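One-letter residues, chain by chain:
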Amino acid sequence: MTGHEHHSDDAKAAALANVLRNGAEVSAVDDWQETGLERLSRSVIVVKRIAPRRRRWPAFVLAAASFVLVIGGAFWMDLGDRAKKVTFEVQGADLNNPNYVIAPENGTAHLKFSDGSTVDLERSARLRVQQATPHGATLLLERGTAVTHVVHRSNSSWKLFAGSFEIAVIGTRFQAGWDPATETLQVDLYEGTLQIGGQRTGEMAVLKSGQRFHAVGYRANWSISPIDGPSDAGGDVLPMPSVAASLNAPVQQSESPVGKVSSAQPAPARVARDWASAVAKGDFSRIVAEAESRGIANCLDQCSIAEVRYLADAARYTRRFELAEQSLMAMRRRAASEAPAAAYLLGALSESQGRTTAALRWYEQSVAEAPLGRYVSEARAGCLRMLVATQQHEAARAAATRYLNDFPHGVGVTTAKKILSEP
Amino acid sequence: MDAKNLDRVALVSATYPTMSTAARPDSQKSNIRPFPKDRFSDAELVVAVGQGDHQALEVIWTRYASAVRSTLFSALGPDHAIEDLIQDVFISFYRCASRLKNPSALKAYLLGSAVRIAAFERRTRGRRSKWLNIFQQYGADATERQLPEVGQADLLSALHRVLDQVSERLRTAFILRYVQDLTIAEIAVAMETSEATAKRDVARGRARVLLLASREPSLCDYLKYLGGGEP
């Protein structure tokens, strides 16, 4: 008997554990550590900003404070009740984890805070209550629209983060909509005053009641217009000044919402729309040329996700495969919600170049990341083709059977039937 | 220390000029190169993070993010929430780094935190799907967690089915011992229990996993192959 035949229970358990370790490695995206670290760094900045400040007090101060507390016990109890953190309850949605609320697809979710403030999340919107304090809360709007009503108090402190934007709230009623895919923020202010800051740019805008704030992309121009006026997403935009400039002329900025100034740079939303129409017309080379004139690296870093997607398509159709791959990788890096679609397109790109193993890996990645995603049928059909191409016939037959079961009318039905019909 | 390890220490010392701990990060002398943070011990990194040092947090991420990820993957299976949960583990560590009782047990702390967060996620999903199943025949969770079952993925799916049937405590012990290769002492720290209990949980977890694995056809074949006979 050899050692191989005498595997102990420990060795068997270790072998099973090895399967789990390999699975974890295979399921990981190439650059997950880099993107995860970048995300952690951003979160830590937020955590640090909202963390309560701590001071070390000398012992005699603490003793004096204790004495005062003992003497004023009854009064303190009364204050204690007031100093409780705000709490909230959710109606219309289940709490996925204690502080994370996802509105249903066909309805709204209602958050009611103990201080009387409310937040209504519209369809499929996602919001995280990051921190609750005695004076308010910090909310993270991950996507969708939130209608917020904060009850004004002398010391209330509410913040709403959306992407790289920070909205400081004192006592207002406003609606904020955030789309992470296009990095678009729109805020309609119905009552009170808001301060909106760009965390990455350091700029700040002051919004007054009846005004709409609109921004696409974190470095793009922001605009302020009347709520009942036409949306300026594609029209002329009012470039926001830097902090220093806004200190000089903040009133003019916020009190003349109708005055429009054309910006020197084309607005990103307009560029995205132009590129969409160029893709529709098949004018792919124009998109690539425009991106090159702006600088490819610059565009991949600063353009909206929609623009990067159009650039990837245009590069693919003009056979600029390297540029297409760069664009899709940028999509995966910058927008987790678009990662499965980008993985599918990377699979298609690899397949068109005859890189079957890479294509199989990307298709599997796309399915693993979004098993119910919009490209799952196409990605699994791609898996079938690539399994055949890499001579994995048994796996292909099993996958074909499952495909026909799951997608009886999918795009890969012909391939699946062909695989199963072969001996 | 054997000769091989001594050679390794000598090589490392020759490659990186080392300093005494006292002269490490807080040395104010400009002619002394700061000690590279990636060579800090776990305890030193924890202290640095507790003082708000982001670079130390990056080093901890680089050192342990993969282990945290594979722990979460082992506990939950392929899941779109894993990246979010990794963030939760590290943010929770960042928040309480200054209050850690035993900073040198950083790995055990992070992995223990990961298994607790995974267990919480499983419980909340279980409750949610229980309610959802009242209204719909098929829960979305089961479908969401499917992998493209290609090649090795079959084995992996079967193993996750097995782990789903094992109690949370025994599953945690199994993952920490065999997937993460922690010692019994580290497992005791991670599970906040005594070493005797941790040792017992590991043994029971292993027995339970192997028993259930022997009932899964694909795993049974795999174990037969390993053992050269009956699993």
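Positions within a chain are numbered from 1, following the residues in the order the chain's sequence is written. All chains are assigned letters beginning at A, and all ligands numbers beginning at 1, according to the order in which they are written. At least 70 in pLDDT is required for a residue's local features to be given in this predicted model, at least 80 for side-chain atom pairs to be given and counted, and no such filter applies to totals for whole chains, interfaces and linings, which use all residues.

Caption draft 1: Structural context of the overall build of chain B. For chain B, the count of helices and strands is 11 helices and 0 strands. Labels follow the DSSP assignment, with helices taken as runs of H or I lasting at least four residues and strands as runs of E lasting at least two, numbered in each case from the N terminus. Each helix and strand of chain B, placed in order from N terminus to C terminus, yields the pattern α-α-α-α-α-α-α-α-α-α-α. The buried share among the 231 residues of chain B stands at 36%. To sort residues by exposure, count the other C-beta atoms lying within 10 Å of each residue's C-beta; 20 or more gives buried, 12 or fewer gives exposed, and values between give partly exposed, all with C-beta atoms placed from the backbone.

Caption draft 2: Examining the overall build of chain A more closely. From N to C terminus, chain A includes 16 helices and 15 strands. Relative to its 423 residues, chain A shows a buried fraction of 37%.

Caption draft 3: Quick peek at helix 12 (residues 339–352) of chain A. All names here are of chain A. One fewer than the residue count of a helix, multiplied by 1.5 Å, yields its expected span. Counted at 1.5 Å a residue, the expected span for helix 12 with its 14 residues is 20 Å, and the 20 Å between its end C-alpha atoms agrees. Buried within helix 12 are the following residues: A339, P340, A341, A342, A343, Y344, L345, L346, G347, A348, L349 and S350. The first or second residue beyond helix 12 is G354, which carries a positive phi of 80 degrees.

Caption draft 4: Summary view of unusual backbone geometry. Residues and elements named next belong to chain B. Its identity is not glycine, yet D181 carries a phi of approximately 60 degrees, on the positive side. Structurally, the position occupied by D181 is in the loop between helix 8 (168–179) and helix 9 (184–191). If you check the backbone angles, E192 has positive phi at about 55 degrees while not being a glycine. Structurally, E192 is set in the loop between helix 9 and helix 10 (195–213). On the neighbour-count criterion, E192 (10 C-beta atoms within 10 Å) is exposed.

Caption draft 5: Representation of the packing of helix 13 (residues 356–369) of chain A against helix 14 (residues 376–389) of chain A. All names here are of chain A. Between helix 13 and helix 14, the least distance of the axes is 8 Å, while the angle of their chain directions is 150 degrees. In terms of axis orientation, helix 13 runs roughly antiparallel to helix 14. In this structure, the crossing between helix 13 and helix 14 has a hand that is left-handed. Where helix 13 abuts helix 14, its residues T356, A359, L360, Y363, E364, S366 and V367 lie against V376, A379, R380, G382, C383, M386, L387 and A389. Note on residue categories: nonpolar means Ala, Val, Leu, Ile, Met, Phe, Trp, Tyr, Cys or Pro, charged means Asp, Glu, Lys or Arg, and polar means any other residue, Gly included. Per-class residue counts for the contact of helix 13 with helix 14 are 10 nonpolar, 3 polar and 2 charged. Lines fitted to the C-alpha atoms define the axes, with helices restricted to the stretch that makes contact. Angles between their N-to-C directions range from 0 to 180 degrees. Should an angle lie under 35 degrees it is considered roughly parallel, over 145 roughly antiparallel, and from 65 to 115 roughly perpendicular; all remaining angles are considered oblique. Less than a right angle of anticlockwise turn of the near helix away from the far helix marks a crossing as left-handed, whereas a clockwise turn marks it as right-handed. Here the contact rule is simple: place C-beta atoms from the backbone, and any two residues whose C-beta atoms are within 7 Å are in contact.

Caption draft 6: Examining the confidence of the model for chain B more closely. All names here are of chain B. Every residue carries a pLDDT, the predictor's confidence in it, which falls somewhere between 0 and 100. In this model, chain B carries an average pLDDT of 74, and 68% of its residues clear a pLDDT of 70 or more. pLDDT under 50 marks residues 1–30. Its contacts with residues more than four places away, or in other chains, come to 11 contacts. Per-residue pLDDT stays below 50 along residues 135–151; that stretch engages in 35 contacts with residues further than four places along the chain or on separate chains. Here the predicted complex carries an ipTM of 0.70, next to a pTM of 0.39.

Caption draft 7: Layout of the environment of A:W158. Residue and element names in this part refer to chain A. Inspection of the secondary structure assignment puts W158 in strand 8 (residues 158–162). For the pair W158 and T133, spaced 25 residues apart in the sequence, the C-alpha separation amounts to 9.2 Å. What W158 contacts, discounting residues up to four positions off in sequence, is G136, A137, V150 and V169.

Caption draft 8: Examining the environment of A:Q91 more closely. All names here are of chain A. Within the fold, Q91 resides in strand 1 (residues 88–91). On the basis of neighbour counts, which here come to 10 C-beta atoms within 10 Å, the residue Q91 falls in the exposed class. Residues Q91 and T108, spaced 17 residues apart in sequence, show a C-alpha to C-alpha distance of 8.7 Å.

Caption draft 9: Structural context of the pairing of strand 10 (residues 173–179) of chain A. Residues and elements named next belong to chain A. Taking every second residue as pointing to the same face, the buried face of strand 10 carries F174, A176 and W178, while none of R173, Q175, G177 and D179 on the other face is buried. DSSP calls a pair of strands paired once it identifies at least 2 bridges connecting them. When strand 10 meets strand 11 (residues 184–191), the two strands line up antiparallel, connected through 7 bridges. Bridging from a neighbouring strand, F174 pairs with L189 of strand 11. Counted along the chain from strand 10 to the antiparallel partner strand 11, the turn is 4 residues long, and its residue E183 has a positive phi close to 55 degrees.

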